[in-house]
Structure formats: C-alpha cells, structure tokens
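# Architecture at a glance
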Amino acid sequence: MTQMQLRTSPSRIPAFAFLQKVPAGMMLIPLMLGVLMNTFAPEALKIGGFTTALFKEGALTLIAVLILATGAQITGSHSGKAAASTTTVVLVCKTLIPASVAVVLGLVVGIEGIAGVSILALLAIFGNSNGALWLAFAGQYGDERDTGAYVASAFDDGPFLALIFLGASGLGSIPVLAFAAALIPFILGLIIGAVDREWTKALDHVPNIVIPFMSFAVGTGINLNTVLTGGFAGIFLGLGVVCFTGGLTYLGYRYVLKRGSKSGIGFAAGTTAGNAVAVPAVVAVADPRFEPFVASASAQAATAVLVTAILAPIVASWALKRAGGLQPADPVVPSTI
C-alpha cells in the first residue's frame, strides 16, 4: 500500500520531468552541476567511500554500463526493423565521412587541431548521433525504413569508432588490449540482446538512470573556465554538425535513397549524442597523449549536444515543409514482384 502511494502520488519537486523537458537536460544539467562542484568545492567529493566512488571516480564504470546497454539494444528491439540501404546511408553520411574528414585534418595539423578544437573533440562531436531524437522524428514523419536506421546511431554511440579511426590513421597509439577492454562490454551487450529479449527490455531504461550520474562524474573533472571557453566553440561545432552531417544525410536521402519530399528527414541525423561527452575520457585512457584535450573536448561536446538537439529537428521540419513532406508517411507496402 505504501509503495503504491509512493508510485502514484505527485512529486513535490518534479526534477526528473524537468530534466526530460530540457533539450539534452538529462546530460547537460548534471554535467554543469559537476563542473560547478569541481570549480567551487573541489574537495567535497574527495572524502572517500561510496561518495567519491560514485560522484568523482565513477564515470568510466557508468560509461561501461551504458555501452553494454547500447549493445543489447542493437541486437534487441530495434535491429529487425532496419532497412539495410537506409541504415548504410545514415551511417556513412552522418558518421563515417565526417570522422574521415576529422582524421585527414588531424594528419595535416596534428592532434591539437585548430582554433582550440582538438581532433579528439571533432571525432567525439561529429562521430556519433542522437538515436533517441532520430527515432522520435523519424517515427513521426517517416516509416519503418527510417526508424530502422536507428541501428546506425546505436553503432556510432560510444568511443569505438573514435578509437578505430585514431588507431587506423596513426594519430593515436591505441594498444590492442586497450581497444579490446573497451569493446568487451559492447560485445557482452550484443550477446545479451541476441539471446534474451527480457534483458533488452530491462536495459532500455539504463540511459535514463546512468546518463545523469555519468555526466555529473564527467563534470567533476572539468573547470568552469574550460566550459566558458569551450562553450563558444561548442556552439559553432554544433552548427557544423547540423549543417554538414545533417546536410550530407539529406543528400543521401535525396539522391541515393530517392526519398523525394521525405528527404528532409535526413537533417534529423545532424545531432551529437549525450554519450559524446564521455568519449574523450575513454580515448585518453587508451592513449594518454589525449589527456590534455579531455576537459575542453568534453565541454565542447556538451554544448554541441544542446545546440544540435534544438536545431536539428527545426531544420529537418523546415526541409520537409518546404518539400511538402511534413506529414506522416504512408506505410511501406512490400513488393509482390
């Protein structure tokens, strides 16, 4: 009886609902709280025990849980819906081409990057996408071909592609063992999702639980001055993600997939996922040379997450409206030929 009352009674302070209403709020607000704590009371979370383990040193553990859950989602509830051609176009246009451009730039100017933006930041921000936003937008204006392309977002979430691109290009010295250590939680997630759908359903809730605590722990390693500096760069990077990666996906939709008035859906891929905030820390564990760039890259990623979460659906809606596609799509009828 008491438990039922707790579950049905209204919240005195609807903090969780507020985080969900703010664009990228589940990630951004806890991150900022962690930054403020680290800036104005840096010793408060160093008292040891569970407090330090969770709020100061827990980022990598929480990231590992998030990676495992991502793997389970790929082989679980969403993978069967994906049309291969749409998924391929989204993955290539949104992730592989931009990440390749970042690597080429790194080979020219070095890992320090340009104008205060490191190659680590570019890979973290341009190399993944907000799968939840894509599902919401594609589910409203697209069909199963579009919602199925969520798999592309699931594959590029996390640090793996950044590690692969850095290692393959020679920009980073990524030991095989370090890469394997980062990959094992993901592989376990794939196995769990493939053999037990009940685990997949349970792990669907992991992001809502883990991301706020992970973001706070990441924030406790960042100073406010870094955020203020990185925030301005993050705005421009976010604009670049929407225009460049969203634009490429739009072109893929229009000229490769031939989706006509629905091509504007491609702009909804021009996002940066909240997981991007954690990518720099994971890469730095594998290759300590990137450690000096972790704070600024994390701050820039946090800003880009917010900017893209707001702008990508606006631009996608505008493109759809301009082409006369701003209405739910008709279901795809399988060919009988």
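Residues numbered from 1 in each chain as written. Predicted model: local features only at pLDDT ≥ 70, side-chain atom pairs only at ≥ 80, totals over all residues. Heavy atoms only, no water.

## Focus: the overall build of the protein
When its secondary structure is counted, the protein shows 17 helices and zero strands. Counting across all 337 residues of the protein, residues that qualify as buried make up 50%. Long-range contacts, defined here as pairs at least 24 residues apart, represent 82% of the contacts in the protein between residues at least 6 apart. Summed over its atoms, the accessible surface of the protein is roughly 15900 Å², and 69% of this surface lies on carbon and sulfur atoms. (Helix = DSSP H or I, 4+ residues; strand = E, 2+ residues; numbered from the N terminus. Buried < 20%, exposed > 50% of the residue type's maximum accessible area, 1.4 Å probe, protein only. Contact = heavy atoms within 4.5 Å. Areas by Shrake-Rupley, 256 points an atom, 1.4 Å probe, with all protein chains shown as cover.)

## Observations concerning the confidence of the model for the protein
Here the protein shows a mean pLDDT of 82. Residues at 70 or above account for 89%. Ranking the elements of the protein by mean pLDDT puts helix α1 (residues 2-8) last, at 53, and helix α7 (residues 119-126) first, at 94. Predicted confidence for residues 77-82 stays below pLDDT 50, and this span has 14 contacts to residues more than four positions away or in other chains. Taken as a whole, residues 331-337 scores under 50 in pLDDT and shows two contacts with residues more than four places along the chain or in a different chain. (pLDDT = per-residue confidence, 0-100.)

## A closer look at a nonpolar patch on the surface
On the surface, a nonpolar cluster with roughly 460 Å² of combined accessible area is contributed by I184, I187, L188, I191 and V195. By secondary structure assignment, the location of V195 is in helix α12 (residues 176-195). Here V195 falls in the exposed class, since its relative accessible area comes to 66%. (Patch = residues over 30% accessible without salt bridge, like charges linked within 9 Å, V, L, I, M, F, W, Y side chains within 5 Å. Salt bridge = Lys/Arg side-chain N within 4 Å of Asp/Glu carboxyl O.)

## A closer look at the packing of helix α3 (residues 25-40) against helix α17 (residues 294-323)
For the pair α3 and α17, interaxial distance at closest approach is 10 Å and the crossing angle is 145°. With respect to the hand of their crossing, α3 and α17 are arranged in left-handed fashion. Judged by residue contacts, M27, L28 and L31 of α3 engage A302, V305 and L306 from α17. Per-class residue counts for the contact of α3 with α17 are six nonpolar, no polar and no charged. (Axes fitted to C-alpha atoms, helices over the stretch in contact; angles between N-to-C directions. Left-handed = near helix turned anticlockwise from the far one by under 90°. Nonpolar A, V, L, I, M, F, W, Y, C, P; charged D, E, K, R; others polar.)

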